[in-house]
Amino acid sequence: MAWFEANFDGLVGATHNYAGLSYGNVASAKNKGLIANPREGALQGLAKMQHMRDLGMVQGILPPHDRPHLSTLRALGFSGSDAEILTTAWMANPALVANLSSSATMWTANAATVTPSPDTTDGRTHFTPANLSAMYHRSIEHETTGRVLQAIFPEGDRFTHHAAIPGGHHMGDEGAANHTRFCGEYGDEGVGLFVYGRGAFEKADDLTFPGRQTMESSHAVGTGHGLRPGRMLVVRQNPEAINMGAFHNDVVAVGNRNVHFYHEKAFENPAALNAALQKAVGDVEMHFVEVPDAAVPLKDAISSYLFNSQLISVPGRDGMTLILPVEVAETVSTKRYVDELLASGGPITHADYMDVRQSMRNGGGPACLRLRVAMSDEDKAALGANCILTDTLVATLEDWVKKHYRDRVAREDLGDVALMEENFRALDELTQILQLGSVYDFQR
Ligand SMILES: NCCC[C@H](NC(=O)CCC(=O)O)C(=O)O
């Protein structure tokens, strides 16, 4: 039985914009007010997905959500036709409409936490959509995310789905961006590393920016997924990293199989973590690639998104490959570091640079854009929907984007009824292309 890692990228939505909604996310704040280009963003994302396919990886796609999210506006008391709801809400509260129009579902590293079947006591792959309760504009994602994941990974012998962790702000959960699975081969039993920013009931005086993930929710997800004792580690992210803008751990660390690539200041106690990880993984020899602050200052790591790269095992290639944002090549310290890393004879041997600038300006790099699912050939054959990319599907999706997406969305466009109607028409068509069924509220 062949095992591999599939990556499910989120597609940039037609209302992609720069409203600066994410406090603690430096790029989102810095680029507030820029004019966005959703068409370019979606095509950049598809080009990254196609690059992964060209390398021989299995690449999936998750659709954008319905925005503006009218069902939230209805729940908040707005009524009438869709057009009336948007128009009155925009007049009453443009900030609310901006929050309900974000295309943040493109960052599928925050869609869910996934534990593949070799690691779970019941032998099924477990999914928990992230409640994303730290940011209002993202707290509305998990219901639709859950429906989409259930359409692709049918509940049953192979896959099982949990509800998002309840408890709101106290139990903040940001999904796979704060979770890394380590293992030998993908089909071997692995270890889940869960990284949190604060305790649910602590003041966390050392944080100036929000600690979005709580220790309690990390525990709840791992326990709910049935990880075996000793196969789950829960550690705290270094508050200094959060305060510098690493609002998710995947901004300062990335892992794949037996390699952990991370910044010296990513964790509170890296030496203890390394020892614990090696012990948990057992016979497999871990490689720890710790990047010193003297070589890459934390500030450069966060502005370039060096660690928000995809670390992948390309079929037929011995060493691992980094899929990096072009900003890393444009930053002196990170470019020099990557060049030296590839020449060092270590486990990482290749680096490819991708342009995902539309996403980067909102603080989302290559790794934010993807949800990883380790799976077997049999799992792949059991998938529902039509979400694994082929040449034909990529071409269809590019045509779909060009047909429906604008090349310019400013904040004032978010009150435009035409933009909403274009988007709902496009999404209705997309659910047919991807054979997802009626996953959006406006279809139900
Ligand atoms: N993993 C990357 C997530 C980036 C995301 N940005 C945003 O939501 C900015 C959205 C905006 O301002 O519309 C976030 O901070 O959660």
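The structure displayed is predicted, hence computed values, not measured ones. (Residues numbered from 1 in each chain as written. Predicted model: local features only at pLDDT ≥ 70, side-chain atom pairs only at ≥ 80, totals over all residues.)

1. Some details on the confidence of the model for the protein
On average, residues of the protein score 98 in pLDDT, and 100% of them reach the 70 mark or higher. Both confidence scores are given for the complex: pTM 0.98, ipTM 0.98. (pLDDT = per-residue confidence, 0-100.)

2. Looking at the UniProt feature "active site" (unreviewed entry) in the protein
Look at the UniProt record and you will see "active site" (unreviewed entry) annotated at Glu174, His248 and Cys368. The greatest C-alpha distance among the annotated residues, which extend across 195 residues, is 11.2 Å, indicating that they converge on a single site. Along the chain, Glu174 turns up in the loop between β5 (159-161) and β6 (179-182). Its 30 C-beta neighbours within 10 Å are what place Glu174 among the buried residues. (UniProt positions renumbered as here; feature names shortened; annotations may be inferred. Helix = DSSP H or I, 4+ residues; strand = E, 2+ residues; numbered from the N terminus. Buried ≥ 20, exposed ≤ 12 C-beta atoms within 10 Å, placed from the backbone.)

3. Thoughts on the site of the ligand
Around the ligand there are 20 residues in total, and Leu21, Ser22, Asn25, Ser102 and Cys368 lie nearest to it. Classifying every residue of the shell around the ligand gives 9 nonpolar, 10 polar and 1 charged. (Near = placed C-beta within 6 Å. Nonpolar A, V, L, I, M, F, W, Y, C, P; charged D, E, K, R; others polar.)

4. A closer look at the environment of Ala426
Tracing the backbone shows Ala426 in helix α17 (residues 417-433). In this structure the C-alpha to C-alpha distance between Ala426 and His404, which are 22 residues apart in sequence, comes to 6.1 Å. Ignoring any residue separated from it by four or fewer positions in sequence, one finds Ala426 in contact with Ala14 and His404. (Contact = placed C-beta atoms within 7 Å.)

5. Quick look at helix α4 (residues 82-92)
If you check which residues of α4 are buried, you get Ile85, Leu86, Ala89 and Trp90. Viewed end-on, α4 has its buried residues packed into an arc of 120°, placing them on one side of the element. Within α4, the exposed residues directed more than 90 degrees away from the buried face are Ala83, Glu84 and Met91. Where α4 is buried, its residues contact α3 (70-75), α5 (94-99) and α17. (Arc of directions from axis to C-beta.)

6. Focus on the nonpolar core
Judged by nonpolar contacts, the single largest core of 123 residues is most densely connected at Ala112, Ala246, Val252, Phe307 and Leu371. The element that contributes the greatest number of residues to this core is strand β7 (residues 191-196), accounting for 5 residues. Ignoring any residue separated from it by four or fewer positions in sequence, one finds Ala112 in contact with Phe127, Thr128, Pro129, Ala130, Thr145, Leu149, Gly175, Ala176 and Leu371. (Core = buried A, V, L, I, M, F, W, Y, C linked by C-beta atoms within 7 Å.)

7. Section: the sheet that holds strand β14 (residues 348-354)
Note: strands within a sheet are paired through backbone hydrogen bonds, in either parallel or antiparallel orientation. In space, the 3 strands of this open sheet follow the order β12-β13-β14, with mixed pairing throughout. The open sheet has two edge strands with one neighbour each: β12 (310-312) and β14. The sheet shows a mean angle of 20° between the axes of neighbouring strands, taken without regard to direction. (Pairing = 2+ DSSP bridges. Axes fitted to C-alpha atoms, helices over the stretch in contact; angles between N-to-C directions.)

8. Things to note about unusual backbone geometry
Most peptide bonds take the trans form, and the phi angle of most residues other than glycine is negative. Omega for the bond connecting Arg67 with Pro68 falls within 30 degrees of zero, at -5°, which places this linkage in the cis form. Within the chain, Arg257 stands out as a residue other than glycine whose phi angle is a positive 50°. Positive phi, normally seen in glycine, also occurs at Tyr305, with a value near 65°. In this structure, Tyr305 sits in the loop between α11 (298-304) and β12. Its 27 C-beta neighbours within 10 Å are what place Tyr305 among the buried residues.

9. Considering the sheet that holds strand β11 (residues 287-291)
What the 3 strands build is an open sheet, ordered β9-β10-β11; its pairing is mixed. On the outer flanks of this sheet lie β9 (253-256) and β11, each paired with one strand and no other. The mean angle between the axes of side-by-side strands here comes to 10°, regardless of whether they run parallel or antiparallel. In terms of strand pairing, strand β10 (residues 259-263) meets β11 through 5 bridges, oriented parallel. Opposite His263, over in β11, you have Val291 as the bridge partner.

10. Regarding the packing of helix α2 (residues 38-54) against helix α16 (residues 391-404)
Between α2 and α16, whose axes approach to 10 Å, the crossing angle comes to 170°. The angle between the axes of α2 and α16 places the two elements in the roughly antiparallel class. Contacts between α2 and α16 pair Arg39, Ala42, Leu43, Leu46 and Gln50 from the former with Val394, Leu397, Glu398, Val401 and Lys402 from the latter. Of the residues assigned to the contact of α2 with α16, the class counts are 6 nonpolar, 1 polar and 3 charged. (Parallel < 35°, antiparallel > 145°, perpendicular 65-115°, else oblique.)

11. With respect to the packing of α16 against α17
Orientation of α16 relative to α17, taken along the N-to-C sense of each, is 165°, at an axis distance of 10 Å. The angle between α16 and α17 falls in the class roughly antiparallel. With respect to the hand of their crossing, α16 and α17 are arranged in right-handed fashion. Mapping the contact onto sequence places Thr396, Trp400 and His404 in α16 and Glu422, Ala426, Glu429, Leu430 and Ile433 in α17. For the contact of α16 with α17, the residue count by class is 4 nonpolar, 2 polar and 2 charged. (Left-handed = near helix turned anticlockwise from the far one by under 90°.)

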